[in-house]
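Descriptive analysis of the structure
Each chain, letter by letter, is given below.
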Amino acid sequence: MASRLESLNQWVSEVAALTTPDEIVWCDGSEQQSEALKAQMLANGDLLELNQETHPGCYLHRSDPKDVARVEHLTFVCTSDKADAGPNNHWMDPAAAHAKIDGLFAGCMRGRTMYVIPYCMGPIDSPFSRCGVEITDSPYVVENMRLMTRMGTPALQRIESEGSFVKGLHSIGELDPERRFIMHFPEELTIKSYGSGYGGNALLGKKCHALRLASWQARDQGWLAEHMLIVGVQSPQGDTHYIAAAFPSACGKTNLAMLIPPETHPGWKVWTVGDDICWMHPGKDGRLWAINPESGFFGVAPGTGEKTNPNAVAMLDRDAIFTNVGVTADNQPWWEGLSDQQPVKDWQGRDYQPGNGPAAHPNARFTVSMRQCNSFSPEADNPAGVPISAIVFGGRRASLIPLVFEARDWAHGVLVGASMASETTAAATGAVGVVRRDPMAMKPFCGYNFGDYWQHWLKVGAGLSNPPRVFHVNWFRKSAEGRFMWPGFGDNLRVLQWMIDRCDGRAQGRQEPIGVLPAEGELNTEGLDIAPQVLDELLTVDSEGWRAELEAIGEYMAGFGERCPPQLQAERERTENALN
Ligand code: OXD
Ligand code: MN
């Protein structure tokens, strides 16, 4: 098979001439092709069969132990003008970057098969969707892309009729961290990734295309490409509000997207539209409309259990790929937080010894089609997307940041998003638990200068007659003894309920210098076991702490020089003055 699109055939030929594979396979997305690939991976050990009685269609992949997370220090945005990439990105001159990475690609597929994967990010028939083609030498990547994107013949047909596509070239190379780069060329709509098989580095539709390149395209075309889940919250009266929420990696986006209402909330229902990426377009009605460009979940396994995310546990008993989890004596997948069963093998296939660390790698993952989720929303296939009532920002902050507050308006909301900070997690290599600025949870994913990005946010909002309300949450406040103060998980619905009450004009709120907090009695705590003084503390504004926080935010934003919108600094000063 080849394509009817000459530019695609030509690019495939050029890549083949560079990488010299033994064979070229075009991926059609069929069951048959997928079965053949899985059989091949089972034969060569890339995949291991899990217990097919308890987990039909489930497989385990053990990655190279040095290839388990995104590598931000090896990820580059290569724009002709360095300032366009901004201080938030590592930059390389495009010509130098091509030369460097093409040197690695030369001859790298000798003895291997080259797979050509046409994919569509978003519903095939949505005007908001965008297509790409990933070329890879990894069958594991092919199978993951099949779950995570709309991949195969329908995507190819759309690409052929549109005549353009994002080009993504990937090879696992030697899996040598010294020969590893993830390079983006937004001006050429091109991605080149070498030396890693890990999801965020290798499934190019996800972070590389749907966030880094898409954020660049979105700026040019007047929309927003964001690191956000999309959830529908249906009240007992039957009306549904859609909420988009940005949290850094491994901070509970998947759990919030699949939340099960607490028993105190009969009649409430939560619908999952997406758990990681959200593309939002201004609609004719002056609202923002969102699609989830993905079709699967690539979720963090550890911590996913009956208490934290029963919907996820239920969807993982069939047709899923597990990466770097442990296994039990009867060959079921296992990770910390899943069950009381004991693992017998750890993520590296060694006999489990507590002294070797956790059985599952802290960034162990599952890949599964979103259709398997009990709370899957059919609206995820709606080409028009869903209207967004509220945007939520949040990070992991042990102190200072209240459980919830609402921004004064859109411009203040942009400041609130730009001010986000969070403790780092195992989703990226490097130290864990260090607080760093992560504006809109996009620090690792914004394909251009944050200053320009904030300006773009301000501009998009200014054009909306009915913009979403903007909130900030913090599920991760800790007491002096180091215990989490808020129960989180299903009980987070209580906070979403207050947001909806704000949207519908039912909650007055309490005006504070940093924004609007729930007034006394507005947060529904019925049946919740929380001491009144703990709740008070969660909803208190510590003026002195906030003054220091705002100063730090000011310094951070000043690092973007003239590209930082003056309007944002003005919003910051407004909050500062209110605190004084
Ligand atoms: C992810 C991440 O995989 O953010 O979604 O790292
Ligand atoms: Mn993510």
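The sections below set out a description of the structure shown in this document. Just so it is clear, the model here is predicted, and its values are computed rather than measured.

**Description of the site of ligand 1**
Arg70, Lys206, Lys207, His227, Ser249, Asp276, Phe298, Arg365, Ala427 and Phe445 make up every residue found near ligand 1. His227 is positioned such that a nitrogen or oxygen atom in its side chain is 3.4 Å from an oxygen atom of ligand 1. Asp276 is positioned with one of its side-chain polar atoms (N or O) 3.1 Å from an oxygen atom of ligand 1. Contact with the protein chains covers 96% of the free accessible surface of ligand 1, which is 210 Å². Looking at the shell around ligand 1 residue by residue, the class counts come to three nonpolar, two polar and five charged.

**Overview of the coordination of the manganese ion (ligand 2)**
Binding of the manganese ion (ligand 2) to the protein goes through Lys207 (NZ), His227 (NE2) and Asp276 (OD), at separations of 2.2 Å. Within one chain, the residues serving as donors to the manganese ion (ligand 2) are arranged as K-x19-H-x48-D. With His227 in the loop between strand E12 (224–226) and strand E13 (228–234) and Asp276 in the loop between strand E15 (269–274) and strand E16 (278–282), this pair connects stretches of sequence that are 49 residues apart.

**Re the environment of Asp381**
Among the secondary structure elements, Asp381 is positioned in the loop between strand E23 (365–369) and strand E24 (386–394). Take Asp381: its relative accessible area is 30%, and that puts it in the partly exposed class. Spatially, the C-alpha atoms of Asp381 and Arg350 are 42 Å apart, while their sequence positions differ by 31 residues. The contact partners of Asp381, leaving out residues within four places of it in the chain, are Pro123, Arg150, Arg371 and Phe376.

**As for empty space enclosed by the protein**
Space left empty within the atom packing is revealed by a probe, the size of a water molecule, rolled over the atoms. Evaluation of the coordinates by the stated rule reveals two cavities of 30 Å³ or more. Of the pockets and cavities examined, the largest cavity occupies roughly 160 Å³. At the level of elements, helix H11 (410–418) and helix H15 (543–558) are the ones that each hand at least two residues to the lining of the largest cavity. Looking at the lining of the largest cavity element by element, the count peaks at four residues for H15.

**As for the sheet that holds strand E18 (residues 296–300)**
Read from one edge of the open sheet, five strands run E2-E3-E19-E23-E18, paired in mixed fashion. On the outer flanks of this sheet lie strand E2 (48–49) and E18, each paired with one strand and no other. Bridge count for strand E3 (residues 59–61) against strand E19 (residues 320–323) is three bridges, and the pairing is parallel. Along E19, the bridge assignment pairs Leu60 with Phe322.

**A few points about the packing of H15 against helix H16 (residues 566–579)**
The contact between H15 and H16 brings their axes to 10 Å, and the two run at 165°. When the axis of H15 is compared with that of H16, the two are roughly antiparallel. H16 is crossed by H15, and the crossing has left-handed handedness. Each of Ser543, Trp546, Arg547, Leu550, Glu551, Ile553, Gly554, Met557 and Ala558 in H15 lies in contact with H16, whose residues at this interface are Leu568, Gln569, Arg572, Thr575, Glu576 and Leu579.

Basis of the calculations
- Residues numbered from 1 in each chain as written.
- Chains lettered and ligands numbered in written order.
- Predicted model: local features only at pLDDT ≥ 70, side-chain atom pairs only at ≥ 80, totals over all residues.
- Heavy atoms only, no water.
- Near = heavy atom within 4 Å.
- Polar contact = N/O pair within 3.5 Å; in protein donor to acceptor, adjacent residues only side chain to side chain.
- Areas by Shrake-Rupley, 256 points an atom, 1.4 Å probe, with all protein chains shown as cover.
- Nonpolar A, V, L, I, M, F, W, Y, C, P; charged D, E, K, R; others polar.
- Donors = N, O, S within 2.8 Å, 3.2 Å for Na, K, Ca; no water.
- Helix = DSSP H or I, 4+ residues; strand = E, 2+ residues; numbered from the N terminus.
- Buried < 20%, exposed > 50% of the residue type's maximum accessible area, 1.4 Å probe, protein only.
- Contact = heavy atoms within 4.5 Å.
- 1 Å grid on protein atoms, 1.4 Å probe; cavity = no way out; pocket = protein on both sides within 12 Å on 5 of 7 lines; lining within 4 Å.
- Points joined across faces, edges and corners; volume = space filled by probe spheres on them.
- Pairing = 2+ DSSP bridges.
- Axes fitted to C-alpha atoms, helices over the stretch in contact; angles between N-to-C directions.
- Parallel < 35°, antiparallel > 145°, perpendicular 65-115°, else oblique.
- Left-handed = near helix turned anticlockwise from the far one by under 90°.

Limitation: the analysis is restricted to geometry and does not speak to function.
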